[in-house]
Amino acid sequence: MKAIRRFTVRPVLPEPLQPLSDLARNLRWSWHTETRELFEAVDPAGWRAADGDPVRLLGAVSAARLAELAGDRPFLDRLTAAADDLDTYLRGERWYQARDGQGAELPAAVGYFSPEFGVTAALPQYSGGLGILAGDHLKAASDLGVPLIGVGLLYRHGYFRQSLSRDGWQQEQYPVLDPNELPLTLVREEDGTPAQVVLTLPGRRALRACIWQAHVGRVPLLMLDSDVEENGPGERDVTDRLYGGGSEHRLLQEMLLGIGGVRAVRTYCRLTGHPAPEVFHTNEGHAGFLGLERIRELAGTGLGFDAALEVVRAGTVFTTHTPVPAGIDRFDRELIARHFGDDGELPGVDAERILGLGLETYPGGRPNLFNMAVMGLRLAQRANGVSALHGAVSREMFAGLWPGFDPEEVPITSVTNGVHAPTWVAPEVARLGAAGTSGAARSATADPGSGSSRWDAESEIPDGDLWDVRHVLREQLVTEVRKRLHASWRLRGAQAAELGWIDGVLDPDVLTIGFARRVPSYKRLTLMLSDRDRLRALLLHPERPVQIVVAGKAHPADDGGKRLVQELVRFADDPRVRHRIVFLPDYGMAMAQKLYPGCDVWLNNPLRPLEACGTSGMKAALNGCLNLSVLDGWWDEWFEPDFGWAIPTADASTSDEHRRDELEANALYELIEDRVAPRFYDRGAGGLPDRWIAMVRRTLGTLGPKLLADRMVREYVERLYAPAAHAHRLLDTGTATELAAWKDRTRALWPRVSVDHAEAVAATAVGSTAELGSTLSLRVRIGLGELDPDDVEVQAVAGRVGSDDAIVDARSFPLKPAGGPDIEGRWMYEGPLALDRTGPYGYTVRVLPAHPLLATSADLGLVALPTEATGEGAGVLMR
């Protein structure tokens, strides 16, 4: 029989054990080893049964055991120490407070909006890298003391759980999550009623959502939940599952995240006194509607749309995570128009202005589609990709928004992702690092904002100790794999009596390669299967065998991805190789925390440059795992031969995808056969793989510090959050109105701006040549129409030129007015141009809008360039 109603009965803790409740409700336990060990001591068997979730543990522990612990003095001493440590962590000064005290003028608070958050497996609200990155961002912000407020949705079914059918086809299950059984607290009004946000839908219907809060260390994470009784059935299901449903369902989710999220932040700040955010960070385009809600708020104060837009842009940071247009949410124009305006949300805000922010009204775009990333970029003054290469790809992808500018000048920078070391570094590695770092080194590097393991003195760790830890981690992975593989086969219908072979799966002394990630086609799950005979030979080599652990989920609607999973599973089911290659279903954080440390090599073979960052390899590296990867994402940026191996890629002109895959698969096989496996099995005089251990040491000591999430968050604070807060503070009502009016006037008058003539004189020039170290004197006649010189910046742009006269490695040099306008109203600008490079060299001239409050000269997307008839200024080549 099934229950007609479900509810949660909470345990009553004896008074001495009350601090356990606070420790369980703050997710810091998920990255604080001592707190986890304390909960394990409550009931070791119960801790394992609860999958390491203290809320579930406390809900199941017996009253007799609680009474026993209430009288256990050593346990109570440990509990007091853990509670005091948490209190110090929550209240003490961290890096952010120290920087602010030094006059850094940092924002009072930052709102961080993301469609998913992977904080811990006990709060399954993530699907992949975007969510894990967001969770690591919150945790690192907490460690650093950054006053972040996280905002997301609470999905009652989370993301799907993956299992396999007998023939290896992916199957999905969506278990129901009860928020009362999760480490969450319902946000309530002062009278005790649940706080709610309300959105207006077409037909004057209402979409209501309550607000749940997770405590991520010092950071509150607000999660909106539409499953409330006041909603109709359709509205209750808006937050049913992550990335589910059709276009309108997704649109409602994103409206609730962005618009409802801002309202939730306002409610939370009103109820708690938390400082209101000065900066809003949009983590991918899904949360882009937050800018529209902030425009609506400002319109309510009497500010016009254009002025409000300037205020919003100044205080908004937008991070794009996708390198392909297909990965961006796009909605039909009619769907957006129906949900906004006087009959929907944001009444009083012109629906056409809203549409103008997201429509693809640029060369190559589809004008009837509303693009969430385009809206994110138009609503943010500062934007970034998530690795250096991804920043370059993003500038190319979105160059249409800045016509007339070369892609490298598109105002999208990059902050390379990082990972939260206390979450992902195995305790054995962390202890090894602490033991190997001298006291002097530890004190010299002490930082109240960093929870990462220190490898400042990794050279002090003996080779034998380092290799022993790697072996222990490999043994733990083998045990975990066998347990999960047994459970998977039972779900596939196998009987226990036919699974004895699993006891021989994997070997803790064999080179272990890991591959785990989502399964879109560009990540090429099955590239390793390109030559199956060659792969079998690698797996079964008599002297240098290899074993591979694979995991990953295909999107429920992606049958192509499911076929890739099935293809891999069927190969791994082959009795000839099943002891050397396994596929583990239901990849998630709990599995990953065992998988990364236990592997010797982390494999990544996407189609370059379609991997925005690829943080799984970072997590593996922090545990001493070497990377074997295509030069994409972060690996393109930080690869060195000491850290692993780069898989050669086929030339971009290789249009035959099968030929390209064949070439790159062969390169992968050759690397493993000729370099990776020999390096692992080559033993020195002491029986240790000395050269391999040297690479592990370099990975930990030199690469490791670059990969940390605290490095990433510091970059966001100093390069994006602080400048955004400064820009936002400058825009009071009058200044914002003036800036909006100036932009409107500049756009209207810009067609009359022209470069009419340019000439250059070089004393040492002969014909079209000039000597290195000489200086050109440039004179340029500019037409400004009704604009003034204060409204523009005139630049010479110079650099090497190719065969098509395109300038590469360009640098710009300002030119200054030389007197007033001539009789025709033209202005003469002049300035020097130093020739500091040899070879083919050229220059051009351009005019850009200029205003003290512009973040970049490309802000308006306006530029005036010479025409063919401009004269000598079309360019001079020097050799």
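Residues numbered from 1 in each chain as written. Predicted model: local features only at pLDDT ≥ 70, side-chain atom pairs only at ≥ 80, totals over all residues. Heavy atoms only, no water.

Let's shift gears to the overall build of the chain. Per the secondary structure count, the chain includes 29 helices and 26 strands. Relative to the 2.2 N^0.38 estimate, which gives 29 Å for 879 residues, the radius of gyration of the chain is 30 Å and therefore close to what a compact globule would have. Summarising its shape, the C-alpha atoms of the chain cover approximately 95 × 70 × 55 Å along the three principal directions. For the chain, the residues scored as buried account for 56% of the 879 residues in total. For the chain, the proportion of contacts with a sequence separation of at least 24, taken over those separated by at least 6, is 73%. When the accessible area of the chain is evaluated, it comes to approximately 35,000 Å², of which 50% is carbon and sulfur surface. Between the averaged position of the 95 positive side-chain charges in the chain and that of its 120 negative side-chain charges there is a distance of 4 Å. (Helix = DSSP H or I, 4+ residues; strand = E, 2+ residues; numbered from the N terminus. Rg over C-alpha atoms; globule rule 2.2 N^0.38 Å. Buried < 20%, exposed > 50% of the residue type's maximum accessible area, 1.4 Å probe, protein only. Contact = heavy atoms within 4.5 Å. Areas by Shrake-Rupley, 256 points an atom, 1.4 Å probe, with all protein chains shown as cover. Lys, Arg positive; Asp, Glu negative; His and termini not counted. Charge placed at Lys NZ, Arg CZ, Asp CG, Glu CD.)

For helix α10 (residues 247-272), with 26 residues, the first-to-last C-alpha span of 36 Å sits near the 38 Å given by 1.5 Å per residue. When the local axis directions of α10 are compared, the greatest deviation, roughly 35°, occurs at G260. Among the 26 residues in α10, 20 count as buried, and that is most of the element. Remark: G273 follows α10 within two positions and exhibits a positive phi of approximately 80°. (Expected span 1.5 Å × (residues − 1). Bend = angle between axes of the 7 residues up to and from the residue.)

This paragraph deals with the pattern of salt bridges. Opposite charge on two side chains makes pairing possible when the charged atoms of those side chains draw close. Applying the stated criterion to the full structure yields 58 salt bridges. Across the pair R729 and E278 runs a salt bridge whose closest N-O atoms are separated by 2.8 Å. Of this pair, R729 sits in helix α28 (residues 709-730) while E278 is found in the loop between α10 and β9 (279-283), placing the two residues 451 residues apart along the sequence. With a relative accessible area of 39%, R729 lands in the partly exposed category. With a relative accessible area of 16%, E278 lands in the buried category. Connected through salt bridges with shared partners, the residues R156, D225, D227 and R236 form a single ionic network. (Salt bridge = Lys/Arg side-chain N within 4 Å of Asp/Glu carboxyl O.)

Looking now at the environment of L106. If you trace the backbone, L106 turns up in the loop between α7 (95-101) and β1 (110-113). On the basis of relative accessible area, L106 is assigned to the buried category, the value being 5%. In this structure the C-alpha to C-alpha distance between L106 and L58, which are 48 residues apart in sequence, comes to 40 Å. Leaving out residues up to four positions away in the same chain, L106 has contacts with Y96, R99, D100, E278, V717, A722 and R729.

This brings us to empty space enclosed by the protein. Scanning the entire structure with this criterion turns up 8 cavities of 30 Å³ or more. In terms of lining, the largest cavity is formed by 13 residues, of which the most central are L485, W489, R492, D573 and F583. Mapped by element, the contributors of at least two residues to the lining of the largest cavity are α20 (463-491), α22 (559-572) and β17 (581-584). Split by residue class, the lining of the largest cavity holds 9 nonpolar, 1 polar and 3 charged. (1 Å grid on protein atoms, 1.4 Å probe; cavity = no way out; pocket = protein on both sides within 12 Å on 5 of 7 lines; lining within 4 Å. Points joined across faces, edges and corners; volume = space filled by probe spheres on them. Nonpolar A, V, L, I, M, F, W, Y, C, P; charged D, E, K, R; others polar.)

The next subject is the environment of T737. Within the secondary structure, T737 sits in helix α29 (residues 733-749). Here the alpha-carbon distance between T737 and D306, two residues 431 residues apart in the chain, equals 7.6 Å. If we ignore the near neighbours within four places in the chain, the residues touching T737 are L303 and A307. Among the polar contacts made by the side chain of T737, one reaches the main-chain carbonyl oxygen of T733 at a distance of 2.8 Å. (Polar contact = N/O pair within 3.5 Å; in protein donor to acceptor, adjacent residues only side chain to side chain.)

What follows covers the packing of aromatic side chains. Following the criterion strictly, the structure yields 18 aromatic pairs and no others. For the ring pair Y159 and F160, a centre distance of 4.8 Å and an interplane angle of 45° mean the geometry is tilted. By relative accessible area, F160 is classed as buried at 0%. Cluster of aromatic residues (ring-pair linked, three or more members): W467, W645, F680, Y681 and W692. The ring centre of F515 lies 4.5 Å from the NZ or CZ of R517, which sits over that ring. (Phe/Tyr/Trp six-rings, centres within 6.5 Å; stacked < 30°, edge-to-face > 60°. Lys NZ or Arg CZ within 6 Å of the ring centre and 35° of its normal.)

Relative to the helices and strands, R156 resides in the loop between β2 (148-153) and β3 (161-164). Here D225 takes part through its side chain, which lies 2.5 Å from a polar atom of the side chain of R156.

A separate point is the environment of D225. As for its position among the elements, D225 is in strand β8 (residues 219-225). A C-alpha to C-alpha distance of 6.3 Å links D225 and I211, two positions 14 residues apart in sequence. When residues no more than four places from it in sequence are discounted, the contact partners of D225 are L154, R156, P179, R208, A209, C210, W212 and T239. Polar side-chain contacts of D225 include one of 3.1 Å to the side chain of W212.

Taken in spatial order, the 6 strands line up as β17-β16-β15-β18-β19-β20 in an open sheet, and their pairing is parallel. At either margin of the open sheet sits one strand with a lone partner, and together these are β17 and β20 (644-647). Averaged over all pairs of adjacent strands, the angle between strand axes in this sheet comes to 20°, irrespective of strand direction. Docked against the sheet, helix α27 (residues 690-703) engages β15 (511-516), β18 (601-604), β19 (626-630) and β20, running at close to 80° with respect to β19. (Pairing = 2+ DSSP bridges. Axes fitted to C-alpha atoms, helices over the stretch in contact; angles between N-to-C directions.)

L511, M528, I548, L628, W645 and W692 are the most contacted members of the largest nonpolar core, which totals 101 residues. Here this core takes 10 residues from helix α26 (residues 657-681), the largest share from any one element. Residues within four places of W692 in sequence aside, it is in contact with W467, L511, D600, V601, L626, W645, V676, R679 and F680. With 96 residues, the next largest nonpolar core counts I149, F160, L251 and V792 among its residues. (Core = buried A, V, L, I, M, F, W, Y, C linked by side-chain atoms within 4.5 Å.)

Another point: a negative patch on the surface. Among the surface-exposed residues, E396, D406, E408 and D809 lie close enough to one another that they form a single negatively charged patch. In this fold, D406 is placed in the loop between α16 (388-397) and β14 (413-414). (Patch = residues over 30% accessible without salt bridge, like charges linked within 9 Å, V, L, I, M, F, W, Y side chains within 5 Å.)

This brings us to unusual backbone geometry. Along the chain, R608 connects to P609 via a cis peptide bond; the corresponding omega equals 5°. Tracing the chain through its elements places P609 in the loop between β18 and α24 (616-621). Despite not being glycine, Y243 has its phi angle at roughly 55°, a positive value. Relative to the elements of secondary structure, Y243 occurs in the loop between α9 (233-236) and α10. The phi dihedral of E284 falls on the positive side, at around 80°, and the residue is not glycine. You can see E284 is positioned in the loop between β9 and α11 (290-299).

Relative placement of two packed helices is described by the angle separating their axes and the distance separating the axes. At their nearest, the axes of α20 and helix α23 (residues 589-598) sit 8 Å apart, and the two run at 140° to each other. Relative to α23, the element α20 is oriented oblique. Read as a crossing pair, α20 and α23 show a hand that is left-handed. Facing R470, L473, R474, Q476, L477, E480 and R484 of α20, the residues of α23 in contact are A590, M591, K594, L595, P597 and G598. A per-class count over the contact of α20 with α23 returns 6 nonpolar, 2 polar and 5 charged. (Parallel < 35°, antiparallel > 145°, perpendicular 65-115°, else oblique. Left-handed = near helix turned anticlockwise from the far one by under 90°.)

Okay, the pairing of strand β6 (residues 196-201) next. Going residue by residue along β6, you find V197, L199 and L201 tucked away on one face and Q196, V198 and T200 left uncovered on the opposite face. Judged from the 6 bridges that link them, β6 and strand β7 (residues 205-216) form a sheet pairing that is antiparallel. Looking at β7, one finds that T200 is bridged to A206. The antiparallel pairing of β6 with β7 creates a hairpin that spans 3 residues between the two strands, and G203 there sits at a positive phi of about 80°.

Honestly, it's all geometry; don't read function into it.
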